[in-house]
Amino acid sequence: MILVDWKLWLRRYFEDELMSLDDLHKYLPRSTIVSVEVDEKLTIDLIAFVPDQIFNSEFIKKHGDCYVVNDQKQLPHVFTRFKSYQWLLDDFSKRLTIALWIFQNAIVVNDPDDAFGRIVQSQSEIFNRSLVDIIRKKYIEFRSDRHNLRQAVFHQDKLAINMLKANVAKLALEILILVNGKPYPYKKWLASEALKYNVSHGVLEDCLRFTSEEDPYKIIAQSDELVAKISDILLLNTNLPTQLVTEWWLHLR
């Protein structure tokens, strides 16, 4: 198996392929280029962040605000989106935790004046200041959906049961990652990211067993076990008030 230095590969792609495009080469040296996903069997996703003034005054007029280069000559294929720094800030404002995971793990190919690095650092500081509140909201959502799961089981609504099981498990894994002071990814990578923090807890295994269960009585019993485990993790590892963890319904808004 050949190991690829993807940062070097992407740098060469930027210099040899993207910079050769006549309509784009004048913007690219002043833009941040990052890879937000490398799937060597499928595709590489790049984002080019064009400085706001250039993007708004020149780029949009010529290319619009959803311009892409879909390069299928490469293996893997390379898909490059062009956005502004303001788009990046808006993405953080809409989904701080997921966006922070994405961009902290991005491969930075080009970043003039460390513009991208400064934005990610400032958003990381916001995340750290907001972490306890993020965990609080996630826990209340976790307990609310688990409460709804009990009702769905009582009514024998199979579709509702399956949707709620999946969301309860998703929230449990998000909380596990947050308790370790880290942002969580979108669903595609959530289980593999949670595995990093799972060693002493077994939450991942509990979620897999719980989401696979079909017996209504076992679903409720396993959800009880998952709630107890997540509650213990929070009480041992965060400053959340005990009363919030044990009487979460008093904090619904």
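If you're wondering where the values come from, they're calculated on a predicted model, not measured in any experiment.

Thresholds, definitions, all that
Residues numbered from 1 in each chain as written. Predicted model: local features only at pLDDT ≥ 70, side-chain atom pairs only at ≥ 80, totals over all residues. Heavy atoms only, no water. Core = buried A, V, L, I, M, F, W, Y, C linked by side-chain atoms within 4.5 Å. Buried < 20%, exposed > 50% of the residue type's maximum accessible area, 1.4 Å probe, protein only. Contact = heavy atoms within 4.5 Å. Helix = DSSP H or I, 4+ residues; strand = E, 2+ residues; numbered from the N terminus. Pairing = 2+ DSSP bridges. Arc of directions from axis to C-beta. Polar contact = N/O pair within 3.5 Å; in protein donor to acceptor, adjacent residues only side chain to side chain. Phe/Tyr/Trp six-rings, centres within 6.5 Å; stacked < 30°, edge-to-face > 60°. Salt bridge = Lys/Arg side-chain N within 4 Å of Asp/Glu carboxyl O. 1 Å grid on protein atoms, 1.4 Å probe; cavity = no way out; pocket = protein on both sides within 12 Å on 5 of 7 lines; lining within 4 Å. Points joined across faces, edges and corners; volume = space filled by probe spheres on them. Nonpolar A, V, L, I, M, F, W, Y, C, P; charged D, E, K, R; others polar.

Draft legend 1. Broad picture of the nonpolar core. In this structure, Phe103, Phe142 and Ile230 are the most contacted members of the largest nonpolar core, which totals 59 residues. The residues contacting Ile230, other than those within four sequence positions of it, are Tyr139, Phe142, Ala172, Ile175 and Val203. Of all hydrophobic cores here, the second largest spans 20 residues; its members include Leu10, Ile33, Ile54 and Val78.

Draft legend 2. Examining the pairing of strand E3 (residues 68-71) more closely. Burial of the side chains of E3 is restricted to one face: Val69 and Asp71 are buried, whereas none of Val68 and Asn70 on the reverse face is. Relative to strand E4 (residues 77-84), E3 runs antiparallel, the two being bridged by four bridges. In the strand pairing of E4, Asp71 is matched with Val78. Between the antiparallel neighbours E3 and E4 lie five residues.

Draft legend 3. Broad picture of helix H1 (residues 6-16). Among the residues of H1, those classed as buried are Trp6, Leu10, Tyr13 and Phe14. Angular distribution of buried residues about the axis of H1 spans 100 degrees; they occupy a single face of the element. Packed against the buried residues of H1 are strand E1 (32-38), strand E2 (43-50), E3, E4 and strand E5 (107-110). N-capping of H1 is provided by Asp5, with a side-chain oxygen placed 3.3 Å from the backbone N of Lys7.

Draft legend 4. Representation of the side chain of Glu37 within the structure. Of note, Glu37 is situated in strand E1. Within polar-contact distance, the side chain of Glu37 engages the side chain of Tyr186 at 3.3 Å.

Draft legend 5. Inspection of the packing of aromatic side chains at higher detail. Evaluated as defined, the whole model comprises 16 aromatic pairs. A connected cluster of aromatic rings, assembled from ring pairs, spans Phe49, Tyr85, Trp87, Phe92, Phe103 and Phe116.

Draft legend 6. Representation of the pattern of salt bridges within the structure. Per the counting criterion, the structure on display carries 16 salt bridges. Two residues, Glu58 and Lys26, come together in a salt bridge whose shortest N-O distance is 3.4 Å. Placement of Glu58 in helix H2 (residues 52-63) and of Lys26 in the loop between H1 and E1 is noted, with a sequence separation of 32 residues between them. We classify Glu58 as partly exposed; its relative accessible area is 31%. Where Asp133 meets Arg136, a salt bridge forms, and the shortest distance between an N and an O atom there is 2.9 Å. Residue Asp133 and its partner Arg136 are located together in helix H5 (residues 115-154), separated by three residues, close to a single helical turn. Note on Asp133: relative accessible area 34%, which makes it partly exposed. Take Arg136: its relative accessible area is 14%, and that puts it in the buried class. Within this structure, Asp206, Arg209, Glu225 and Lys229 form a network of salt bridges that share partners.

Draft legend 7. Quick peek at unusual backbone geometry. In this model, Leu75 is joined to Pro76 through a cis peptide bond whose omega is 0 degrees. If you trace the backbone, Pro76 turns up in the loop between E3 and E4. Although it is not a glycine, Gln156 sits at a positive phi angle of roughly 55 degrees. Of the residues examined, Gln156 reaches a relative accessible area of 70% and is grouped as exposed.

Draft legend 8. The arrangement of the side chain of Thr238 in detail. Relative to the elements of secondary structure, Thr238 occurs in the loop between helix H9 (216-237) and helix H10 (242-246). Using a relative accessible area of 18% as the deciding quantity, one classes Thr238 as buried. Side-chain polar atoms of Thr238 contact the backbone oxygen of Leu234, separated by 2.7 Å.

Draft legend 9. Main features of the layout of surface pockets. Reported here for the largest pocket is a volume of approximately 190 Å³. Along its surface, the largest pocket is lined by Ser35, Val36, Glu37, Val38, Trp101, Ile102, Asn105, Ile107, Tyr186 and Trp189. Of all the elements in the fold, those that place two or more residues in the lining of the largest pocket are E1 and helix H4 (96-104). A total of four residues in the lining of the largest pocket trace back to one element, the largest contributor, which is E1. Across the lining of the largest pocket, the residue classes break down as seven nonpolar, two polar and one charged.

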